[in-house]
Amino acid sequence: MRSPLLNKLSLIFGPRPPLNWILLCLVSVFVLIALLGSSSSSTFDSVTSSAKPDIYTNYRKLKEQARNDYLELKSISLGANRIKDVGLCGKERENYVPCYNVSANLLTGLKDGEEFDRHCELPREHQDCLVRPPKDYKIPLTWPAGRDVIWSGNVKLTKDQFLSSGSMTKRLMLLEENQIAFHSEDGMIVDGVKDYSHLIAEMIGLGSDTELLQAGVSTVLDIGCGFGSFGAHLLSLKLMALCVAAYEPSGSQVQLVLERGLPAVIGNFISKQLPFPSLSYDMVHCAQCGIIWDSKDGLFLIEIDRLLKPGGYFVLTSPTTRQQDSSTGAKKGSTSSPLEEFTKKLCWSLLAQQEETFIWQKTVDSQCYTSSRQGDIPVCKGNDMQLYYQPLARCISGTTSHRWVPLHSKSDPLNSTELEIHGLHPDDFFEDSDFWKLALRNYWSLLSPLIFSDHPKRPGDDDPLPPYNMVRNVMDMNAHYGGLSAALMEASKAVWVMNVVPLGARNTLPLILDRGFAGILHNWCEPFPTYPRTYDLLHANELLSHIVSQKCSMFQLLLEMDRILRPEGWIILSDTLGPIEKARTLAAQIRWEARVIDLQNGSDQRLLVCQKPFVRK
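Keep in mind that this is a model prediction, so the values were computed, not measured.

Asker: What is the right way to read the pattern of salt bridges from this model?
Answerer: As a working rule, side chains carrying opposite charge can pair if their charged atoms are close by. One pass over the full model with this rule turns up 17 salt bridges. In this structure, glutamate 303 and arginine 306 form a salt bridge, with 2.9 Å as the shortest nitrogen-oxygen distance. Of this pair, glutamate 303 and arginine 306 both sit in helix α10 (residues 299–307), 3 residues apart, which is roughly one turn of that helix. Classification of glutamate 303 as buried rests on a relative accessible area of 2%. Residue class for arginine 306 comes out buried when judged on its relative accessible area of 2%. Here aspartate 514 and lysine 309 are joined by a salt bridge, their closest N and O atoms 3.3 Å apart. With a gap of 205 residues between them, aspartate 514 in helix α16 (residues 509–514) and lysine 309 in strand β7 (residues 308–317) connect regions that are remote in the sequence. Like lysine 309, aspartate 514 is buried.

The structure is reproduced here in structure tokens:
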């Protein structure tokens, strides 16, 4: 016999209440839970530098889950169809890099090295799928152990290729069946890398390579960097060394260097300029990088001149250069080599030569390029700040730029005059810096308990604090002024950041590079020039809104993020509620574990924190 209450409900709803009413009741319950939770003070905003990571307890997780369940129930009640998960790509795409298809490029008629260039404009077979890791893939070792020992199954490099390498790091060895070791931590000089670095410093006129930073050298572009040992040494000296190497279908330098937790990006200038503005680097280094520098009427050297700051250095170590020099200089009064002639036209001076190493210095006198002696290479017209894979140009860049500041005259950090050169008021700059210091503390307080709860300490490991245990390679996909990178450095986090300035946004890349950070210009409507599984943390502030304004696919953007993010890696997206909710739906579709976080500061801003699972087929 039914109670009077049930009889009354039957009169109102009938013998069986409609499904919509049941869902509405459930939604109301979760809304009530969310409202009760939001009445408390904001946990996220209350985080300070002195706050302990355990402020994010199970209560926070339950509150977030309630909010997420509410959104899901709302979607069901509105009759939304369930979206199917994206499938996994085949084994042939384990190391897939879009826009680099050598065989297809050859079929289109590209040759003379251009088949290895980036060609996003060519039509390609399109397939929406998740690039899966190789069968033997393992989570990289924690930093700094991961710099010196990597899992051989994580990179597309056979043991024979590794052992037969002719690079400077010749004396590398296989420690175990599934590991590759580069050098030990016992302070021994391995493969002459430290000696080589010291030699370069002496040739420049310094007492030691530890004086490079004080001498104005803070950013180095390392072309064809081999296994990255030279760049790793420069990083230990607090220099930012970015490896740039051509795409390789197998045995990739860039993939291996990134696996070691060192900065690297795919790029070459066989036919196109690199996506950096003029006057970007203090030093460009090439050690047996395989480039014939005096070919194509010196176009490659002109590109190096474009990238170098006034007073910057070009370091070239090559047996070929030595042979050219000895053959042309055998007789007094003999004709100079083509390489020597080109460097003179570029207003470079040869500082020193020892054995196979040559060092040139770029002039600090912008008028040198307009003298009659240099007149056969014209000065470029216009501004090249928005250069994005444009054809190599036979003209001198940067001579009229406000950033033409001699290497030895720059300050660290940037002073108010240098900030104004970039069109930035000092007050705005310092306000931005303070914002990112607070945001970083918030991010790490948020991630710390999640990392520890989801990923317990592995056997044999000590108890490192984040980001030492999980995060090394970080990408800021919309870097603005590079504030997140600066905050990470100031907080002594053991990470490096690839600062990406999206095409179509305000081009702050010159400022980022002048701050001594790694950075690149990129169009996020296209894939990023890197191999799969090469970043541990992706951060994007207001990038989703930018993508929408550019009429590009948010779904394709998240698929690309999944490709370049390693398994168990993290994503932090900050944007307004609309783009965040759409991204959360897509995140579920590509199997990310996602949490939406309301900052509870009265704004429409939300955080979407995601983790990529370790998916095996």
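Asker: Can you walk me through the packing of helix α18 (residues 554–564) against helix α19 (residues 577–589) in this structure?
Answerer: A packed helix pair is summarised by two numbers, namely the angle formed by the two axes and the spacing between the axes. Between α18 and α19, whose axes approach to 10 Å, the crossing angle comes to 55°. The angle between the axes of α18 and α19 places the two elements in the oblique class. Here α18 and α19 pass one another in a crossing that is right-handed. Residue-level inspection shows Met554, Phe555 and Leu558 of α18 in contact with α19, the latter providing Pro579, Lys582, Ala583, Leu586, Ala587 and Gln589. Tallied by class, the residues present in the contact of α18 with α19 amount to 7 nonpolar, 1 polar and 1 charged.

Asker: What exactly am I supposed to notice about the state of the cysteines here?
Answerer: A covalent bond between the sulfur atoms of two cysteines is what we call a disulfide. As enumerated under the stated definition, the model contains 7 disulfides in all. At a sulfur-sulfur separation of 1.9 Å, the disulfide partner of cysteine 89 is cysteine 129. The sign of the 95° torsion about the S-S bond sets the cysteine 89-cysteine 129 disulfide as right-handed. Of this pair, cysteine 89 sits in the loop between α3 (58–77) and α4 (102–107) while cysteine 129 sits in the loop between α4 and α5 (145–148), placing them 40 residues apart in sequence. Each disulfide pairs two cysteine sulfurs, and for cysteine 286 the partner residue is cysteine 289, the sulfurs being separated by 2.0 Å. On the sign convention where negative is left-handed, the bridge of cysteine 286 and cysteine 289, at about -85° about the S-S bond, is left-handed.

What counts and what doesn't
- All chains use their own residue numbering, which begins from 1 and follows the written sequence.
- The predicted nature of this model means local features are confined to residues of pLDDT at least 70 and side-chain atom pairs, given and counted, to a pLDDT of 80 or more, with totals for whole chains, interfaces and linings taken over all residues.
- Only hydrogens and water are set aside; all other atoms, that is, all heavy atoms of the structure, feed into the side-chain values.
- Think of a salt bridge as a Lys or Arg side-chain nitrogen and an Asp or Glu carboxyl oxygen that are within 4 Å of each other.
- Helix and strand assignments follow DSSP, with helices taken as H or I runs no shorter than four residues and strands as E runs no shorter than two, numbered in order from the N terminus.
- Relative accessibility under 20% of the residue-type maximum defines a buried residue, over 50% an exposed one, and the middle range a partly exposed one, all with a 1.4 Å probe and only protein chains included.
- Helix axes are fitted only over the stretch in contact, all axes being lines through C-alpha atoms; the angle between N-to-C directions runs from 0 to 180 degrees.
- Put simply, angles under 35 degrees are roughly parallel, angles over 145 are roughly antiparallel, angles from 65 to 115 are roughly perpendicular, and the rest are oblique.
- Note: crossing handedness is left-handed where the near helix turns anticlockwise from the far helix by less than a right angle, and right-handed where it turns clockwise.
- Only heavy atoms enter the contact rule, under which two residues are in contact if any of them lie within 4.5 Å.
- In the scheme used here, Gly and all other residues not listed as nonpolar or charged are polar, with Ala, Val, Leu, Ile, Met, Phe, Trp, Tyr, Cys and Pro taken as nonpolar and Asp, Glu, Lys and Arg as charged.
- Any two cysteine sulfur atoms within 2.5 Å of one another count as a disulfide.

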